[in-house]
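# Geometric and topological summary
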Amino acid sequence: MTRTLDPVKYEIFRHRLFSILEEGRIAMKMVSGSPVVVEGGETMCSLHDAQGRPILVAAGILLHAIGARDFIRKTIEWYEKDPGINDGDQFFFNDPYIGGQHLPDMVIVRPVFYGGKRIAWVGSIMHTPETGGIDPGGSGTRSTQIFHEGIRILGLKIMEGGKFRPEVFKTITEQVRDPVLVGLDTKAKIAANNVCASRYADLVEKFGLEFISVAEERIVADSETMARTKLKSLPDGTWRCRLYGDTNGVQEKPFKVMCTMTKKGDNVTFDYSGSSPQNEGSLNSTRPASWGSLFVVLSSQLFWDVPQNEGLLAPVQLITEEGTVVNCRYPAACANGVQTVGSLLTESAHACIAKMLFAGGVLQDVNSGWRGAAGGSPFYGGMNQYGNPCAGVILDTFAPGIGATPYRDGVDTGGNMMNPTSSISDVEIITGNIPFIYLGRKNATNSGGFGKFAGGMGPQSIVMVYGTDQLSLGVTGACRRTLSNFGMFGGYPGTVQEARMSLNSSLQRWFKESRTVESFQDVKDLDGKTIDPPNSFPAIPVKQYDVLIYHLGSGGGYGDPLDREPSKVVADVKRQAITEDVANKIYGVALGPGKLELDEKGTAELRGQIRKDRLANGRKPLSR
């Protein structure tokens, strides 16, 4: 920097700026009516310079950390001359071919003026779970083009000169199944922008425009310096990972996400060449969406101590071939891209980063795969128990298992890599607003990746339709038959995801007999119409007492399961993390007859036999 800054004053400004963005995010959550936002926290507020460059973002969803940038730049490109960008204007976007992940990611950006000159932008983005598409919930499974997925807004002025435009607001909200929900979320973003812009103006008054201009340059420069310094400390090399989904959104047809990471000096490239051609259905990622999915792993696993802005991305190159699942060509559908292709993109990059960190001896930062691609997440639409329209998605995916490390087990239902403040909705909040009753929510047995250190278990939920017979229910996902994350050094990946429905069942009779549903087998035993829905299962009509059970992503294991302490395996069985069968066949641990106690002699013999079988059945390495 050619101009020096008072270091104390600079740190005060930087921390105050972050607090302002967090204040905006809190304002957004206070106005919004969506559990995904209010409890799940899927929001983001960000500050940008006059040309749209990100200066700093709040601690929200990492997918959206750079999301507002491209919308701001498009606003300047399209509208600066006509109809003009003026003080008090706010622009509404949700086009995933410009920014964000899919149509539910709705953003409003606002310019900030001082002394008649535009000096900055603020942006607020959140997931609003209804878009008016062919399926309810914004993430429908039947779409094959973007036009099927709902309203797509390209920069409507929803605020003009500080005045709210009701005709624009109504045009947006009356095209969706739940206008009240979408309306509240829209006003929440306006409120957040107003808070951020007002507080930022106070900073300008306090510190002066010249100081702020230099300080913001310093924030971005510091991030780039920190990112490049970290890369220099790690070994050069090339690492690869490929992961698969099991459906293209229309039929059960696999697709591949291939990542090749090359690190040289203070630069790193993520090359996704070799990934499958774009899918026929909605399991695709636009290029802006792929940047967001890559940012998730960069900011959480590699540059976790670097302030999030444009500087963090300076040493990073992303290569995606147009027409592939990681860079689909308009007008491809992409409603289910974020939790499928995007998650596989994140996890494949995570595998490469973990290998590089291990090679560099940074073991405290190494961990096996996190959730991978989400499967079985329910989406719904229709009338709720109060006779009002409703639509949305239940995002228990914010609490999947976390991968194991070289030193310890992963965390059960511990969090989602994309959400630093991960949280899932309280069941009472869900049942109070939408027509479901939870019959159970727990950690899914045998879901965490097996290993010397076990991956965290993923969540399992059982929901029953209640209070309405006017509802449609479906599930999303991409990895029911394929493994969507990775284990390390002999550790197993997390399990596949599953879902099962029972329609017209005998559940009401079960209740009269003081029985309830606790497992996948119980759902099958309900004597109704049992459906094991494939991933990306379209919403179908359901009614009161119909049941859905599903479990989601879990963490990968680390190290050979035969190296796990036998006492820990016994404890795992006791707490229902694994079954006795897994303890025996995978971990080689024998339990005393009829008791959950360790049989030390039997364990030694069993592990010895498993190792012999491995040597007998193993394949020799291919000669080069």
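Our subject in this report is the structure included herewith.

Cut-offs and rules
- Residues numbered from 1 in each chain as written.
- Predicted model: local features only at pLDDT ≥ 70, side-chain atom pairs only at ≥ 80, totals over all residues.
- Heavy atoms only, no water.
- Patch = residues over 30% accessible without salt bridge, like charges linked within 9 Å, V, L, I, M, F, W, Y side chains within 5 Å.
- Areas by Shrake-Rupley, 256 points an atom, 1.4 Å probe, with all protein chains shown as cover.
- Salt bridge = Lys/Arg side-chain N within 4 Å of Asp/Glu carboxyl O.
- Helix = DSSP H or I, 4+ residues; strand = E, 2+ residues; numbered from the N terminus.
- Pairing = 2+ DSSP bridges.
- Contact = heavy atoms within 4.5 Å.
- Axes fitted to C-alpha atoms, helices over the stretch in contact; angles between N-to-C directions.
- 1 Å grid on protein atoms, 1.4 Å probe; cavity = no way out; pocket = protein on both sides within 12 Å on 5 of 7 lines; lining within 4 Å.
- Points joined across faces, edges and corners; volume = space filled by probe spheres on them.
- Nonpolar A, V, L, I, M, F, W, Y, C, P; charged D, E, K, R; others polar.
- Buried < 20%, exposed > 50% of the residue type's maximum accessible area, 1.4 Å probe, protein only.
- Expected span 1.5 Å × (residues − 1).
- Polar contact = N/O pair within 3.5 Å; in protein donor to acceptor, adjacent residues only side chain to side chain.
- Parallel < 35°, antiparallel > 145°, perpendicular 65-115°, else oblique.
- Left-handed = near helix turned anticlockwise from the far one by under 90°.

## Examining a nonpolar patch on the surface
Residues Ile26, Met30, Val31, Val180 and Leu184 make up a contiguous nonpolar surface patch of roughly 470 Å² in combined accessible area. Every element with two or more residues in the nonpolar patch is listed here: α1 (7-31) and α5 (179-207). Ranked by residue count, the leading element in the nonpolar patch is α1, at three residues. Summarising the element assignment, Val31 is placed in helix α1.

## Some thoughts on the sheet that holds strand β6 (residues 154-160)
The antiparallel open sheet is built from seven strands, whose spatial order is β2-β1-β5-β4-β3-β6-β7. A single partner strand is all that each edge strand has here, and the edge strands are β2 (54-57) and β7 (163-164). When strand β3 (residues 90-93) meets β6, the two strands line up antiparallel, connected through four bridges. If you follow Phe91 over to β6, its bridge partner there is Lys157. In the packing of helix α3 (residues 67-84) onto the sheet, the strands contacted are β1 (43-49), β2, β3, β4 (105-114), β5 (117-127) and β6, and the crossing angle to β3 comes to about 125 degrees. Against the sheet, α5 engages β1, β3, β4, β5, β6 and β7, with an angle of about 145 degrees to β5.

## Some words on empty space enclosed by the protein
For the structure shown, the criterion picks out six cavities of 30 Å³ or more. Taken as a whole, the largest cavity encloses approximately 200 Å³ of empty space. Lining the largest cavity we find 18 residues, and of these His127, Val338, Gln339, Leu395 and Thr397 sit closest to its centre. Residue composition of the lining of the largest cavity, grouped by class: seven nonpolar, eight polar and three charged. Lining the second largest cavity we find 14 residues, and of these Ser343, Thr346, Arg371, Asn416 and Met418 sit closest to its centre. Only α7 (287-302) and α9 (341-359) provide two or more residues apiece to the lining of the second largest cavity. The leading source of residues in the lining of the second largest cavity is α9, at four residues. Its residues assigned to classes, the lining of the second largest cavity comprises six nonpolar, six polar and two charged.

## A short note on the pairing of strand β11 (residues 316-319)
Burial along β11 is one-sided: the residues Val316 and Leu318 are buried and none of Gln317 and Ile319 is. Of the strand pairs in this sheet, strand β10 (residues 267-271) and β11 are connected by four bridges, and their pairing is parallel. Bridge pairing in β11 links Val268 to Val316.

## Here we look at α1
Between the first and last C-alpha of α1 there are 37 Å, a value that for 25 residues agrees with the 36 Å anticipated at 1.5 Å per step. Among the residues of α1, Tyr10, Phe13, Leu17, Ile20, Leu21, Glu22, Gly24, Arg25, Ala27 and Met28 are the ones counted as buried. The N-cap residue of α1 is Asp6: its side-chain oxygen and the backbone nitrogen of Val8 are 3.0 Å apart.

## Here's the deal with the sheet that holds β10
Sheet strands pair via backbone hydrogen bonds, and the direction of the pair is either parallel or antiparallel. Taken in spatial order, the four strands of this open sheet run β8-β9-β10-β11, and their pairing is mixed. Each end of this open sheet is capped by a strand with a single partner; those strands are β8 (237-245) and β11. Adjacent strand axes in the sheet meet at a mean angle of 15 degrees, parallel and antiparallel pairs treated alike. Strand direction decides the pairing type here: β8 and strand β9 (residues 255-264), joined by nine bridges, are antiparallel.

## Regarding the packing of α1 against α5
For the pair α1 and α5, the least separation of the axes is 7 Å and the interaxial angle reads 160 degrees. What the angle tells us is that α1 and α5 run roughly antiparallel. Between α1 and α5 the crossing geometry is right-handed. Here Lys9, Ile12, Phe13, Arg16, Leu17, Ile20, Leu21, Glu23, Gly24, Ala27, Met28 and Val31 of α1 lie close against α5, whose contacting residues are Leu184, Lys187, Ala188, Lys189, Ala191, Ala192, Val195, Cys196, Arg199, Tyr200, Leu203 and Phe207. Split by residue class, the contact of α1 with α5 holds 17 nonpolar, one polar and six charged.

These figures capture arrangement, not role.
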